[in-house]
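# Structure assessment
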Amino acid sequence: MLKQFVNGRILTPKGWLDGGSIVTDGNRIRCVSNIDLHVVGAEIIDVNGGYLVPGGVDMHTHGGGGRDFIEGCEDAFREAVNAHLKHGTTSIYPTLSSSTIPTIEAACNVCEKLMAEENSPVLGLHIEGSYINPKEAGAQNPVLIKAPVIYEYETLLSKYKCIKRWDEAPELPGSVRFIKTCNMHGVLTALTCTRATYKDVVEAHKAGMTHAAHFYNAMPVVYKEHEFKVPGTVESVYAMQDMTVEVIADGLHVPPVMLKVVHKIKGVERMALITDSLAYAASEGDVSAEPRVIMEDGVCKLADRSALAGSIATMDTLIRTCIQKANIPMEDAFRMASETPAKIMGVFDRKGSIEEGKDADIIVFDRDINLTYVMQMGNEVVNYL
């Protein structure tokens with residue numbers, strides 16, 4: 001069925017288009033026009049002067065709606081994905097924190113089933129751990145943390161095609177082989193939960209690691225050894241000019257002024273917005289935190305308040321924070337939630353921008369940057385217009 005969006009500002013790859021329209025046909029964008037004459041037979045959707053932008057691509061999220069992807073069951077996946085859909089995430093990479101091999105396999109089986117479904121928002125699985133630095137592990141289970149184990153990751157990468165990303169701490173022994181093996185399978189590697197030195201980052205980058213997870217979080221900044229300053233992981237990633245980063249742009253994990261700094265240094269092309277959300281995100285009602293963590297100040301913390309444990313952010317929150325608190329240009333904020341992650345994950349041929357022939361993933365914000373409409377693959381999810 002044809003649907004035509006009118007009376008809004010449309011974000012296209014060339015910039016804003018005023019006074020035009022978008023026509024969708026089923027799960028595809030049929031055309032983007034600079035005129036708004038009504039198309040015969042099309043359902044007219046008047047966005048009331050709002051912003052028509054590409055649906056969000058969340059490349060790092062552990063759960064939502066009271067469910068965690070680490071549960072490894074179909075209903076947990078569906079409930080978490082659907083919860084984030086209502087907040088503007090139209091493409092999602094379910095993320096596992098440090099897990100046992102059986103848990104990873106269970107999640108892979110569910111993920112592959114969902115990916116095979118028509119018009120699925122699930123684009124692949126993201127594994128974070130267990131190959132991380134125990135000193136930067138946050139809320140992850142310390143019992144599961146270890147250096148890369150060859151037979152584990154080689155077996156999983158050979159068996160499951162749904163694995164699209166795997167994060168680790170590049171200072172661990174065996175990291176170079178792990179990175180190269182992932183690259184051979186077309187899997188993105190990212191540094192995470194790390195105390196990597198400049199040398200570690202350089203070696204990982206040479207091996208093919210091109211991305212940094214939850215930038216600024218669970219990684220050191222510049223520090224002193226005796227009387228001399230030493231670049232931390234953050235400065236080392238900045239020094240790798242073509243390395244991309246993702247940020248939990250809730251204004252809490254990364255304060256607004258720091259979001260602005262990342263944007264200035266890395267730019268819209270190399271800065272993606274992520275939720276890194278836990279099960280408590282996008283929950284309708286109370287969700288009890290596990291004993292090790294507490295909900296406070298709009299984030300999830302370890303119970304002893306020694307570290308942040310994860311976010312409860314949603315895609316619309318990230319965009320609003322960047323625009324209203326970090327003073328990042330509106331166009332850039334929308335692109336960093338869609339175009340940039342789509343490019344990083346290699347799906348920009350069909351996701352991340354409003355263009356003829358691409359998937360009909362469209363969201364609408366009003367002038368106050370409140371989400372008012374969500375379309376995922378041509379299906380209406382939210383309509384507050």
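Note: the structure precedes this text.
Since the structure is predicted, the reported quantities are computational estimates derived from the model, not experimental observations.

The subject of this paragraph is helix H8 (residues 315-324). In an α-helix there are 3.6 residues to a turn, and that puts residues three or four apart on one side. Burial runs high along H8: 7 of the 10 residues are buried. Regarding H8, the residues found buried are Met315, Asp316, Leu318, Ile319, Thr321, Cys322 and Ile323.

A few words on the environment of Val347. If you trace the backbone, Val347 turns up in the loop between helix H10 (339-344) and strand E23 (362-365). Judged by relative accessible area, Val347 falls into the buried class, the value being 6%. When the C-alpha positions of Val347 and Val57 are compared, they lie 9.8 Å apart, and in sequence the two are 290 residues distant. Not counting chain neighbours up to four residues away, the residues in contact with Val347 comprise Tyr93, Leu123 and Ala342.

What follows is about the side chain of Asp58. Summarising the element assignment, Asp58 is placed in strand E8 (residues 56-61). This buried residue, Asp58, is left without a salt bridge; Arg165 holds the nearest opposite charge, at 7.4 Å. In terms of polar contacts, Asp58 uses its side chain to reach the backbone amide nitrogen of His60, at 3.2 Å. The residues contacting Asp58, other than those within four sequence positions of it, are Thr89, Ser91, Ile92, Tyr93, Ile274, Thr275 and Met315.

Now for the packing of aromatic side chains. For the structure on display, the rule yields 14 aromatic pairs. Taking the centre distance of 6.3 Å and the plane angle of 75 degrees together, the rings of Tyr131 and Tyr153 count as edge-to-face. Of this pair, Tyr131 sits in the loop between strand E12 (125-128) and helix H3 (150-159) while Tyr153 is found in helix H3, placing the two residues 22 residues apart along the sequence. Across this residue pair, the class does not change: Tyr131 and Tyr153 are buried. Between Tyr153 and Phe178, the aromatic rings sit 5.0 Å apart at their centres with planes inclined by 85 degrees, giving edge-to-face as the arrangement. Note that Tyr153 is positioned in helix H3 and Phe178 in helix H4 (residues 175-184), a separation of 25 residues in sequence. On the basis of relative accessibility, which here comes to 0%, the residue Tyr153 falls in the buried class.

Before going further, it helps to examine the pairing of strand E21 (residues 299-302). Bridge count between strand E20 (residues 293-296) and E21: 4 bridges; the pairing is antiparallel. From the neighbouring strand, Met295 faces E21, where its bridge partner is Cys300. The loop that links E20 with its antiparallel partner E21 comprises 2 residues; one of these, Asp297, has a positive phi angle of about 60 degrees. Taken together, E21 and the strand that follows it, strand E22 (residues 308-310), pair antiparallel across an intervening segment of 5 residues, in which Arg305 is found at a positive phi of about 60 degrees.

Moving on: the packing of H3 against H4. Relative placement of two packed helices is described by the angle separating their axes and the distance separating the axes. Relative orientation of the contacting elements H3 and H4 amounts to 5 degrees, with a least axis distance of 11 Å. Compared by their axis directions, H3 and H4 come out roughly parallel. Of the residues in H4, those in contact with Ile150, Tyr153, Glu154 and Leu157 of H3 are Arg177, Phe178, Thr181 and Cys182.

What follows concerns the sheet that holds E21. Whenever strands of a sheet pair, they do so through backbone hydrogen bonds, lying parallel or antiparallel. A sheet is described by the order of its strands in space; here 3 strands give the open sequence E20-E21-E22, paired in antiparallel fashion. With one partner strand each, in any of the chains shown, E20 and E22 form the two edges of the open sheet. Neighbour-to-neighbour, the strand axes of the sheet open up by a mean angle of 45 degrees, direction not taken into account. Summarising the sheet, E21 and E22 pair through 2 bridges and their orientation is antiparallel. Looking at E22, one finds that Cys300 is bridged to Gly310.

What counts, and at which threshold
Residues numbered from 1 in each chain as written. Predicted model: local features only at pLDDT ≥ 70, side-chain atom pairs only at ≥ 80, totals over all residues. Heavy atoms only, no water. Buried < 20%, exposed > 50% of the residue type's maximum accessible area, 1.4 Å probe, protein only. Helix = DSSP H or I, 4+ residues; strand = E, 2+ residues; numbered from the N terminus. Contact = heavy atoms within 4.5 Å. Lys, Arg positive; Asp, Glu negative; His and termini not counted. Salt bridge = Lys/Arg side-chain N within 4 Å of Asp/Glu carboxyl O. Polar contact = N/O pair within 3.5 Å; in protein donor to acceptor, adjacent residues only side chain to side chain. Phe/Tyr/Trp six-rings, centres within 6.5 Å; stacked < 30°, edge-to-face > 60°. Pairing = 2+ DSSP bridges. Axes fitted to C-alpha atoms, helices over the stretch in contact; angles between N-to-C directions. Parallel < 35°, antiparallel > 145°, perpendicular 65-115°, else oblique.

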